[in-house]
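An overview of the molecular structure
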Amino acid sequence: MSSQETEHEHAPAQRRSKITPERAQELYTAVLDMLRESGYESLTMEGVAARSRCGKSTLYRQWGSKPELVVAALHGTRRGTLRKIDTGSLAGDLLEAARAIGEGSGRDTPLMLALSHAALHNPDLLCALRESLILPEQAAIDALVRRGVERGEVAADNPATKFVSAQLLGVMRARPMLQGAHADETFLVRFVEGAVLPALGLNAWASGS
């Protein structure tokens, strides 16, 4: 790589607001799709430009580098589905959360696996990964449990309340390695019914469904 190319790769980019929000979403989708398909190391600005039919210079002007573009894609595609769940009971909320997480596991799990290794060597990428994919879901699940405690459905000193998000999010990441399959909606609903609810002293029938 020439010194001119190196300078272009690392020099601070001048940001210009030439990309519409709709166009940005298209680019973010292309970036995340390519990450799922080939991993972080194989992702290049040139590849994103070709995939999204966008000029490479435009990508550099807007985002500056590959890590910055990936971080923007993670932040720009957050869905926040779990925050909207409110069935009126903790059992119902957790079963609905299992369905929502399971529905997205085919998209989120490959993305997590693609980014996990690279993130260990890139603090900014690790921070974006946690902030965009992990912490919002963890906070939303913790809020569901806290609401159930406030309603008196679960004792405040029940030790299982501290581990519900770890159970749900952890098994979603672990199942592909343990069983070679995504933690889909059916699996996660069974997991909640068989492991999470009993630990909280609840039954699936308490969901009202």
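Residues numbered from 1 in each chain as written. Predicted model: local features only at pLDDT ≥ 70, side-chain atom pairs only at ≥ 80, totals over all residues. Heavy atoms only, no water.

The helix and strand tally for the protein stands at 9 helices and 0 strands. By residue count, 44% of the 209 residues in the protein fall in the buried class. Of the accessible surface of the protein, which amounts to about 11300 Å², a share of 52% is contributed by carbon and sulfur atoms. (Helix = DSSP H or I, 4+ residues; strand = E, 2+ residues; numbered from the N terminus. Buried < 20%, exposed > 50% of the residue type's maximum accessible area, 1.4 Å probe, protein only. Areas by Shrake-Rupley, 256 points an atom, 1.4 Å probe, with all protein chains shown as cover.)

Now for the pattern of salt bridges. Pairing of side chains with opposite charge becomes possible as their charged atoms draw close. Summed over all chains, the structure comprises 9 salt bridges. Arg-51 serves as the salt-bridge partner of Glu-37, at 2.8 Å between the closest nitrogen and oxygen. Residue Glu-37 is located in helix 2 (residues 21-38), and its partner Arg-51 is located in helix 3 (residues 45-52); the two are separated by 14 residues in the primary sequence. Exposure remark for Arg-51: the relative accessible area of 40% places this residue in the partly exposed category. Salt bridges sharing partners connect three or more residues here, namely Asp-86, Asp-93, Arg-147, Arg-151 and Glu-153. (Salt bridge = Lys/Arg side-chain N within 4 Å of Asp/Glu carboxyl O.)

The largest bend in helix 9 (residues 185-200) comes to about 40°, at Val-192. For helix 9, the complete set of buried residues consists of Phe-187, Leu-188, Val-189, Phe-191, Val-192, Val-196, Leu-197 and Leu-200. Directly after helix 9, the chain includes Gly-201, whose backbone phi takes a positive value near 80°. (Bend = angle between axes of the 7 residues up to and from the residue.)

Moving on, we get to the nonpolar core. Of all hydrophobic cores here, the largest spans 32 residues; its most connected members are Leu-35, Val-70, Leu-74 and Leu-115. Of all the elements in the fold, those that place two or more residues in this core are helix 2, helix 3, helix 4 (56-63), helix 5 (66-76), helix 6 (90-120) and helix 7 (123-150). Here this core takes 7 residues from helix 2, the largest share from any one element. Residues in contact with Leu-35, not counting those within four places in the same chain, are Tyr-40, Leu-43, Val-70, Leu-111, Ala-114 and Leu-115. Counting 30 residues, the second-largest nonpolar core is a separate cluster that includes Ala-160, Val-164, Leu-168 and Val-171. (Core = buried A, V, L, I, M, F, W, Y, C linked by side-chain atoms within 4.5 Å. Contact = heavy atoms within 4.5 Å.)

By convention here, two paired aromatic rings are described through the distance between centres and the angle between planes. This model, assessed by the stated rule, comprises 2 aromatic pairs. Considering the side-chain rings of Phe-187 and Phe-191, the 6.4 Å spacing of their centres and the 15° angle between planes classify their relative orientation as stacked. One end of the pair is Phe-187 and the other is Phe-191, both in helix 9 and 4 residues apart, which spans about a single turn. Phe-191 carries the same exposure label as Phe-187, and that label is buried. Here Lys-66 stacks its cationic end above the ring of Tyr-40, 4.2 Å away from the centre of that ring. (Phe/Tyr/Trp six-rings, centres within 6.5 Å; stacked < 30°, edge-to-face > 60°. Lys NZ or Arg CZ within 6 Å of the ring centre and 35° of its normal.)

With that settled, the discussion passes to the confidence of the model for the protein. Of all residues in the protein, 89% attain a pLDDT of 70 or more, and the chain-wide mean is 84. Overall, residues 1-16 carries pLDDT values under 50, and its contacts beyond four positions in sequence, including any with other chains, amount to 17 contacts. (pLDDT = per-residue confidence, 0-100.)

Moving on to the packing of helix 8 (residues 164-179) against helix 9. Packing of helix 8 against helix 9 brings their axes to within 11 Å, and their N-to-C directions diverge by 140°. When the axis of helix 8 is compared with that of helix 9, the two are oblique. Judged by the sense of rotation from one axis to the other, the crossing of helix 8 with helix 9 is right-handed. From helix 8, Val-164, Gln-167, Leu-168, Val-171, Arg-175 and Gln-179 reach across to helix 9, where they touch Phe-187, Leu-188, Phe-191, Val-192, Ala-195, Val-196 and Leu-200. (Axes fitted to C-alpha atoms, helices over the stretch in contact; angles between N-to-C directions. Parallel < 35°, antiparallel > 145°, perpendicular 65-115°, else oblique. Left-handed = near helix turned anticlockwise from the far one by under 90°.)

With that settled, the discussion passes to the side chain of Asn-158. When you line up the elements, Asn-158 lands in the loop between helix 7 and helix 8. Here Ala-199 takes part through its backbone oxygen, which lies 3.4 Å from a polar atom of the side chain of Asn-158. Among residues more than four places away in sequence, those in contact with Asn-158 are Ala-199 and Leu-200. (Polar contact = N/O pair within 3.5 Å; in protein donor to acceptor, adjacent residues only side chain to side chain.)

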